[in-house]
Amino acid sequence: AVFLEVSTLCGQLKSNFAIYPNPSFSDFKIERKNQDEFIQQVELVDQSGNIIKKYSVPEKSQTFTISLRDFRPGSYYVRIFNGVSWEVKPISLR
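Rules and cut-offs
Residues numbered from 1 in each chain as written. Predicted model: local features only at pLDDT ≥ 70, side-chain atom pairs only at ≥ 80, totals over all residues. Heavy atoms only, no water. Pairing = 2+ DSSP bridges. Helix = DSSP H or I, 4+ residues; strand = E, 2+ residues; numbered from the N terminus. Axes fitted to C-alpha atoms, helices over the stretch in contact; angles between N-to-C directions. Buried < 20%, exposed > 50% of the residue type's maximum accessible area, 1.4 Å probe, protein only. Polar contact = N/O pair within 3.5 Å; in protein donor to acceptor, adjacent residues only side chain to side chain. Contact = heavy atoms within 4.5 Å. Phe/Tyr/Trp six-rings, centres within 6.5 Å; stacked < 30°, edge-to-face > 60°. Lys NZ or Arg CZ within 6 Å of the ring centre and 35° of its normal.

### Section: the sheet that holds strand E7 (residues 86-93)
Taken in spatial order, the four strands line up as E4-E3-E6-E7 in an open sheet, and their pairing is antiparallel. Here the strands that pair on one side only, and so sit at the sheet edges, are strand E4 (51-61) and E7. Sheet twist, expressed as the average angle between the axes of neighbouring strands with direction ignored, equals 20 degrees. By the bridge criterion, eight bridges tie strand E6 (residues 74-81) to E7 in an arrangement that is antiparallel. Within the sheet, the bridge partner assigned to Arg79 lies in E7 and is Val88.

Here's what the structure looks like:
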């Protein structure tokens, strides 16, 4: 029963941010979908869960671009903080 409740709850969560292009060869753009959300903090996380880069974000940003030119190709996660909660998005660097 618990599994069904959790999967139902997860199905109702909506994403407040878009990341594109994904996959990319170097740069990813993060854009807010909701007018009430702002990008306040961005972190790049590797497959092991280690934070490998923290990005400074200008106040009340609607979009933000991260460059992964110096990173190896592979799968990463981008953590986006809106001032209240974190959203995690997978990205693929080619």
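### Describing the side chain of Ser61
Tracing the chain through its elements places Ser61 in strand E4. Using a relative accessible area of 7% as the deciding quantity, one classes Ser61 as buried. At 2.6 Å, the side chain of Ser61 forms a polar contact with the backbone oxygen of Pro58. The contacts of Ser61, once residues within four sequence positions are left out, are Phe38 and Ile39.

### Concerning the packing of aromatic side chains
Under the defined criterion, the tally for this structure stands at three aromatic pairs. Judged by centre distance (4.9 Å) and plane angle (35 degrees), the rings of Phe81 and Trp86 are tilted. The partly exposed category is assigned to Trp86, whose relative accessible area is 34%. The cationic tip of Lys60 hangs over the ring face of Phe38; the distance from NZ or CZ to the ring centre is 5.9 Å. For Arg79, the ring lying beneath its charged end belongs to Trp86, and the centroid distance is 4.0 Å.

It is worth stressing that arrangement in space is one thing and function is another; only the former is reported here.
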